[in-house]
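Analysis of the macromolecular model
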Amino acid sequence: MIANNRTLRTATLAALFLAAVGVPAQKRIGDFIESRSYNDDKRGTERSLQYRPDGRDFVSVNGKNEYTRALYGGYTDYRIETSDRPIFAIYKKRNYRNVRFRAIYDGREYPLEATEWCEARYSEGSRRYVVKDKSWGNAALYIDVVALVDSEGAVWQFRAEGFAKPLKVKALVCNIADRRLRRNGDMGADKPGCFAPAPNDDGLVTAEWDASGESYFTVSGVEIAKMPAAEAAKQFGATKERNRLMAARVEFNTPDPFINTLGGALVMAADGDWDGQTWLHGCIGWRMPLAGWRAGFLGDVLGWNDRAVSHFDAYAKSQVTNVPPTIPHPSQDPGKNLARAEKKWGTQMYSNGYICRNPERNDQMHHYDMNLNYIDELLWHFSYDADTAYMRKMWPVIKLHLEWEKRNFDPDNDGLYDAYCCIWASDALYYNGGSATHSSAYNYRGNLLAARIAEIIGEDAEPYRAEAERILKAMNERLWLADKGHWVEYEDRMGLGRKHESAAVWSIYTPIDCGAGSPEQFYRATRYVDRNIPHIPVIADGKLYGSTISTSNWLPYSWSINNVAAAEVMHTALAYYEAGRNEAAFMLMKANIMDQMYIGQSPANFGQISFYDAARGECYRDFGDCIGISARTLLQGLFGIVPDALNGRCFIRPGFPQSWDSASVRTPYMEYSFKRSGDSLVYDITQNFTRPLRIVVRQNIGGGKYKEITGTAEKHQVIKTPIPAMLIEPAIDENVQHTVDPVAYGLAEPDTSGKFRKVNIDKFFNSEVDDIYKNKYLSPRPPYTSLELPTQGVGEWCHPDMTADVNDSVFRTLIADGEFSVAGVPFRTPAEGHNIAYTSLWDNYPDSIEIPLKGKAASAYLLMAGSTNHMQSRIDNALVIAEYKDGTSDTLHLVNPDNWCPIEQDYFVDGKAFYTTAPRPYRVALGTGMVSRDFGAELNIKEVYGRPIPGGAAQMLRMPLDGQKKLKSIKLRTLSNDVVVGLMGVTLQ
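Let us look at the structure shown here. (Residues numbered from 1 in each chain as written. Predicted model: local features only at pLDDT ≥ 70, side-chain atom pairs only at ≥ 80, totals over all residues. Heavy atoms only, no water.)

Next up on the list: the overall build of the protein chain. A tally of regular secondary structure across the protein chain gives 17 helices and 44 strands. The globule rule puts the C-alpha radius of gyration for 989 residues at 30 Å, and the 31 Å found for the protein chain is close to it. Considering only C-alpha atoms, the protein chain reaches an extent of 95 × 75 × 60 Å along its principal axes. Taking all 989 residues of the protein chain together, 65% fall into the buried category. Excluding contacts between residues fewer than 6 apart, the proportion of contacts in the protein chain whose partners are at least 24 apart in sequence is 69%. Accessible surface computed for the protein chain: about 33700 Å², of which carbon and sulfur atoms make up 49%. (Helix = DSSP H or I, 4+ residues; strand = E, 2+ residues; numbered from the N terminus. Rg over C-alpha atoms; globule rule 2.2 N^0.38 Å. Buried < 20%, exposed > 50% of the residue type's maximum accessible area, 1.4 Å probe, protein only. Contact = heavy atoms within 4.5 Å. Areas by Shrake-Rupley, 256 points an atom, 1.4 Å probe, with all protein chains shown as cover.)

For the bond from His 329 to Pro 330, the omega torsion is -15°, close enough to zero to count as cis. Along the polypeptide, Pro 330 turns up in the loop between helix 6 (305-316) and helix 7 (371-384). Residue Asn 896 is joined to Pro 897 through a cis peptide bond whose omega torsion reads 10°. Among the structural elements, Pro 897 can be located in the loop between strand 39 (889-895) and strand 40 (922-925). A positive phi angle is found at Arg 94, which is not glycine, with a value near 65°. Among the structural elements, Arg 94 can be located in the loop between strand 5 (87-92) and strand 6 (95-105). Phi at Glu 360 takes a positive value of approximately 55°, unusual for a residue other than glycine. In this structure, Glu 360 sits in the loop between helix 6 and helix 7. For Glu 360, a relative accessible area of 43% translates into the label partly exposed.

Here the focus is the layout of surface pockets. In this structure, the largest pocket spans a volume of roughly 740 Å³. Of all elements in the fold, only helix 7, helix 9 (437-457), helix 11 (506-513), helix 12 (519-532), strand 24 (641-644) and strand 25 (649-652) reach the threshold of two or more residues within the lining of the largest pocket. Considering each element in turn, the lining of the largest pocket owes the most residues, five residues, to helix 9. Looking at side-chain class alone, the lining of the largest pocket contains 13 nonpolar, five polar and eight charged residues. (1 Å grid on protein atoms, 1.4 Å probe; cavity = no way out; pocket = protein on both sides within 12 Å on 5 of 7 lines; lining within 4 Å. Points joined across faces, edges and corners; volume = space filled by probe spheres on them. Nonpolar A, V, L, I, M, F, W, Y, C, P; charged D, E, K, R; others polar.)

As structure tokens, this is what we get:
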């Protein structure tokens, strides 16, 4: 904070004013549920390896995590929560119980969760413990727990060894501490300790038995079950054998023990995500049906053809087929401030072709485009099994989907598609009718494979082939940056039609995964991720396990926009494999595996959000999206099994690190082993596809290039090839924080020793500062249905009613003789009436203003205020142009987040996923008069999300000028859609 006489007077007056009238509290910005964090105490703390691999087991010794590894039984929401020590919880919606045990030995009771030594193992859907205590001598108690499959219940097996005296065990079953579970008791989304015993053991029920030798404890639902030992042993044994066979479906054998555990873990997590008909949004926190995201890959990638067909059939019945599109574009919802489509049957969106969220229900409107992911997964199904009968059955679904996508998101037929919340990173993501890379890529692949399917089943392929060619051509011409080697995030439809070059990871991995380009493009695009996406080191016990990545480098924070999300990391790693960058792919994949499964709180967790996520920390377990894409990354990426049944072949494109001399994999549809033998590579391959495929070994030779060795369609074959010469992969730049020259961007410290000349710009004022979010921004808007900024100018489609309280009343009381000083720089500003010249591409204000100037100056100090948001990050929002009488000019670029800030909030900056140029601009809190470069510190703002500043804040920039030239004018011109940029004062020096 700036400390001088004016500041002290300002602070005193502000305090008196606030005491008298106050400033309304700023409304929180963002998703109130998905912005909550229960991990603030862990942020920035040192981490340790909590689990280690031992064969197929995840092992901890004297671990401390409680209720973090779920065991899934049948295909309901019933589960057993296990801990690193033998204390448990039973989950059934609205019916939860805590389960713990005590050993009664030699006259004492020993809580089993508090013995002196405990080893815990997780694998094959069970949690196994060995507990010891010095009071027991050399004795040990072995505990094994499984959740039953055919009924909602569980069995614990106890086996005592070495006890010199009789042993009893007491079970204590009571209510849990917090019965108000917001996300089904999921980690990081509900309060820590929610599954702990209720105070005073509320609802306690006990059971006690002789535990010498082997004994069992059972529950049915949430109640203790009195089951004969023989029956309990039978159910326990049957469940163990079922789980063993289930986990053995996929098996990895590699030189890396941290990988070898993952086959069974992957299958058991996937089995927990299955409800008997479809793949779910998640196993725990999001246990609900979902047609989209990436869980739908699981059936085919893990060899469950029957489950794949069940899933696709169920959602084929969810496609709308009897509602013609009779209402023209656009159909924005006035009740949602035009931010999203109106839910009304007969609009272009809610009509034939739309796929509803729940299975076998085609009469439910939802606010996501689940079509794209569902169809992409269906097309992958045909890559595993080119069943012509099933193709014919699903052809009407594919055809109607492509018509729906075209009608809604490329109605102008330019070959580029808008994106309407169609991927995991959909909340708060909107393109205002623009052309998005990821949705265009999905539609390219959709049309390309539809053309191939049409050829096979005798339909007309030409329209789909032509559309695929149109999309690819448009992507290469308009979305691909040939000079920089990557795709843009999107191209504006509105305003100046600019390209947003700061792409998020989904705009890199999606076109690569969809094959929307050349191998050279794919390789170059991954280098963009190296250089521009924040990398965060994964460290445990001082050891570096590589780096994970955030999804973008955009500010300010909003849920799903800039997160460290496991599925996004894994999909990016898959794209690296697909681009031929095996070493970098493995490092990225391995970092995520270590972060989530070994260093994290839940062993073998396919979670949603990482410990390194700035806003939420480690959050959610066994998330369907992550399980699905992890299956692809491991099997299609690392082991390189990529079926192409539509063309009668299967690629084996190994992604092994160069240091590996051998590896093997087993799945229901293929198993193979790899080994180096002298100067050769040997692949021993056995395939079990429904229809045999020709095997093609695709050897990576670097730089995005491959060498192919074609085998046969025989069930078993051995392919031996010379070891190819490899290009050396480039190193990954872990420091990708590209900042700008602070002087050129107006961030230099003011020179308070020089003479100031305040410019009178009163006649250019066209608004009051606090009008900014009181206005209705109605035009221009896209001519087609889209996700857009709400009419109040702040918020996004998930929160269309969100607003922010900008109130400059206190600021105005601090103006003395028409002047307010910021960090020693005086500005002319009125205490009443209009006090800002706003510019915008909205029709509410002019897109630019030009103010005449006289004389010479070395600096122009600008007092400014306005809006910006994450969709306008890392791009010029506006320009300030100083023109000289000799016809030359200087330009100050206003860029979010370097030197342009949202009026309502402070940027969260952590130097990792969220970074900006230092120093940050001087800002003036309009609700207090406080002046600071860092309101987060001054106001003790702890949140990552929202970070409101009382009354909002203006900002000051020092624009460097050529002091030898005579000034003509200064011009403010807005470039970005959505934003409002205003000038409150100009002072020359």
